[in-house]
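Here's the letter readout for the chains.
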Amino acid sequence: MAAEIIDGKKIANQIYDELSEKIDVLKKKNIIPKLSVVLVGDDPASAVYVRMKGNACQRLGIASETLKFDADINEQELLSTIEQLNRDASCHGILVQMPLPGHINETKIIEHILPQKDVDGFHPINKGRLQAGLPCFVPCTPAGVQEILIRSGYSPEGKHVVVIGRSQIVGMPLAILLAQKQKGANATVTICHSRTQNVDFFTKNADIIIAALGRPQAITEDMLPTHAVVIDVGVNRVEDPQSEKGYRLVGDVDFDGAVKRVKAITPVPGGVGPLTIAMLMKNTVLAAENKLFKTN
Ligand SMILES: NC(=O)c1ccc[n+]([C@@H]2O[C@H](COP(=O)([O-])OP(=O)(O)OC[C@H]3O[C@@H](n4cnc5c(N)ncnc54)[C@H](OP(=O)(O)O)[C@@H]3O)[C@@H](O)[C@H]2O)c1
C-alpha cells in the first residue's frame with residue numbers, strides 16, 4: 001500500500017491563518033512586525049530563499065527589508081549593520097542569510113545579533129535556552145518538522161525517532177527539541193551521523209525517521225520499516241537534462257522507493273520547506289509580541 005504523502009504547504013497555510021489573527025491583534029496595538037534580512041554576495045540559492053521569505057512576509061502583512069551587500073564587505077561593516085538593527089525599535093527580527101563569504105566569521109556575526117531579535121534561533125543564548133527547555137526562538141527547520149509531526153497526527157510522544165544528521169542548524173537542535181519533556185515532544189531520540197556504523201540498524205528500529213544528511217536519495221527503501229513515518233529535510237540539486245533548468249530538487253530519501261513501503265512521508269519539494277518559512281514568520285511575530293524572554 002502506498003504511503004500517505006504529508007502536504008507541507010497545507011500545514012503551512014494553517015499556520016499562516018493562525019498568525020494572521022495574531023498580527024491583527026498586534027496591529028490594533030500599533031505594532032507592525034518587521035523582519036530585516038541581511039544578504040551578502042550573489043549566491044543564487046540564497047537569493048531565492050530571501051525572496052521566498054520576503055513573499056511570506058508580504059502575504060501576512062509583516063514588514064520586511066533586505067539589506068544587500070557585496071561579497072567583499074568587511075566584517076566590521078557587517079557588525080555595524082547588525083548593531084544598527086539591534087538598536088532599531090521598528091525591527092523585531094534579524095536574519096543573516098547563510099552562508100557568508102569565507103573571510104567573515106559567521107559565529108561572530110550570529111553572536112552580535114540581540115538574542116531577542118534572533119528569529120533564526122542560532123544565537124548561543126537561544127540554543128542554551130532550547131537545551132534548558134526555556135522559552136526561546138527555536139530554529140525554523142526543526143520547529144517546522146515538529147509542527148509537521150504534530151499536525152499530521154504523528155506526534156513524536158513516546159516514539160523512537162531517528163535523526164540522521166547532527167548539524168547545528170537542523171539535526172542537533174531537532175534532536176534536542178523532540179527529546180524535551182514537553183507536550184509534542186517526549187520522544188526517545190537516536191542521532192546518526194557520518195561516523196555512525198550501520199545507520200540502517202537504527203532506521204529499521206525507528207518509528208519516525210528524519211533525514212537531514214544532505215546526501216541525495218541516500219536513505220533507501222530497504223532501510224525503512226513499513227510502519228515508519230519519514231520526514232525528508234534534504235534539499236539537493238541533481239542534474240536533469242529533461243528539466244528546463246537542467247536540474248531538479250530531490251530529498252535525502254529515495255522517495256519513489258520509500259513511498260511504496262512506509263506509512264507516511266513528506267515530499268521534496270512541498271514537505272519541510274514551506275514549514276521552515278512558516279516558522280520564520282512565527283518567530284518574527286513572537287519577536288514583535290516581545291514576551292519570550294520575560295519571566296512574568
Ligand atoms: N527544507 C529546509 O527548509 C531545509 C533547511 C535546512 C537544510 N535543509 C537541507 O537539509 C540537509 C541537511 O542540511 P544541514 O545544513 O544540516 O547539512 P550539513 O551541515 O551538511 O550536515 C549534514 C549532517 O549529516 C551527517 N551525514 C553526512 N553524511 C552522512 C551519512 N552518509 N550518514 C549519516 N550521516 C551523514 C553529517 O555528519 P557529521 O556531523 O559527522 O559530518 C552532518 O551531521 C541538506 O540537504 C539541506 O539542503 C533543508
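Residues numbered from 1 in each chain as written. Predicted model: local features only at pLDDT ≥ 70, side-chain atom pairs only at ≥ 80, totals over all residues.

Caption draft 1: View of the site of the ligand. Close to the ligand lie 27 residues; G165, S167, S194, G214 and T276 are nearest. Of the residues forming the shell around the ligand, the biggest block, three residues, is contributed by helix α10 (residues 272-289). Classifying every residue of the shell around the ligand gives eleven nonpolar, twelve polar and four charged. (Near = placed C-beta within 6 Å. Helix = DSSP H or I, 4+ residues; strand = E, 2+ residues; numbered from the N terminus. Nonpolar A, V, L, I, M, F, W, Y, C, P; charged D, E, K, R; others polar.)

Caption draft 2: Seen up close, the sheet that holds strand β1 (residues 4-5). In spatial order, the strands read β1-β11-β8-β7-β5-β6; together these six strands make up an open sheet with parallel pairing. Taken across any chain shown, the strands that pair with only one partner, and hence form the sheet edges, are β1 and β6 (188-192). Here two bridges tie strand β8 (residues 229-232) to strand β11 (residues 264-265), and the two strands are oriented parallel to one another. Across the sheet, V230 pairs through a bridge with I265, a residue of β11. With respect to the sheet, helix α7 (residues 171-179) is in contact with β5 (160-164), β6 and β7 (208-211), its orientation differing from that of β6 by roughly 165°. (Pairing = 2+ DSSP bridges. Contact = placed C-beta atoms within 7 Å. Axes fitted to C-alpha atoms, helices over the stretch in contact; angles between N-to-C directions.)

Caption draft 3: Structural context of the packing of helix α6 (residues 140-151) against α10. At their nearest, the axes of α6 and α10 sit 8 Å apart, and the two run at 110° to each other. The orientation of α6 with respect to α10, classified from their angle, is roughly perpendicular. Classified by chirality, the crossing of α10 by α6 is right-handed. The segment α6 lies against α10, with C140, T141, A143, G144, V145, E147 and I148 engaging V272, L275, T276, A278, M279, L280 and N283. The class makeup of the residues in the contact of α6 with α10 is nine nonpolar, four polar and one charged. (Parallel < 35°, antiparallel > 145°, perpendicular 65-115°, else oblique. Left-handed = near helix turned anticlockwise from the far one by under 90°.)

Caption draft 4: Structural context of unusual backbone geometry. Note the cis peptide between M98 and P99, where omega equals 5°. Locating P99 in the fold gives a position in the loop between β4 (93-96) and α4 (106-112). Of note, the bond from V268 into P269 is cis; its omega dihedral lies within 30 degrees of zero at -5°. At N30, a position not held by glycine, the phi torsion is positive, near 60°.

Caption draft 5: Up close: the nonpolar core. V161, V163, I164, I209, I210, A211 and V230 are the most contacted members of the largest nonpolar core, which has 85 residues in total. The contacts of I210, once residues within four sequence positions are left out, are V145, V161, V163, I164, L174, I231 and V233. (Core = buried A, V, L, I, M, F, W, Y, C linked by C-beta atoms within 7 Å. Buried ≥ 20, exposed ≤ 12 C-beta atoms within 10 Å, placed from the backbone.)

Caption draft 6: Region of interest: the domain arrangement of the protein. Per the domain assignment, the segments making up the protein are domain 1 (29-118) and domain 2 (140-273). One C-alpha centre belongs to domain 1, the other to domain 2; they are set 28 Å apart. (Domains from an automatic or database assignment.)

Caption draft 7: Seen up close, the sheet that holds β4. Strand order in the open sheet made by the three strands is β3-β2-β4, with parallel pairing throughout. Of all the strands in the sheet, the pair left with one neighbour each is β3 (63-69) and β4. Here the average twist between neighbouring strands, direction ignored, is 15°. The pairing of strand β2 (residues 34-40) with β4 spans four bridges and is parallel. Note on β4: the bridge partner recorded for S36 is I94. Across the face of the sheet, helix α2 (residues 44-60) comes into contact with β2 and β3 while running at roughly 170° to β2.

Caption draft 8: Representation of the packing of α6 against α7 within the structure. Close contact between α6 and α7 brings their axes to 8 Å; oriented N to C, the two are set at 40°. In terms of their interaxial angle, α6 and α7 are classed as oblique. For the crossing formed where α6 meets α7, the hand is right-handed. Contact residues: P142, V145 and Q146 in α6; P173, L174, L177 and L178 in α7. Grouping the amino acids of the contact of α6 with α7 by side-chain chemistry returns six nonpolar, one polar and no charged.

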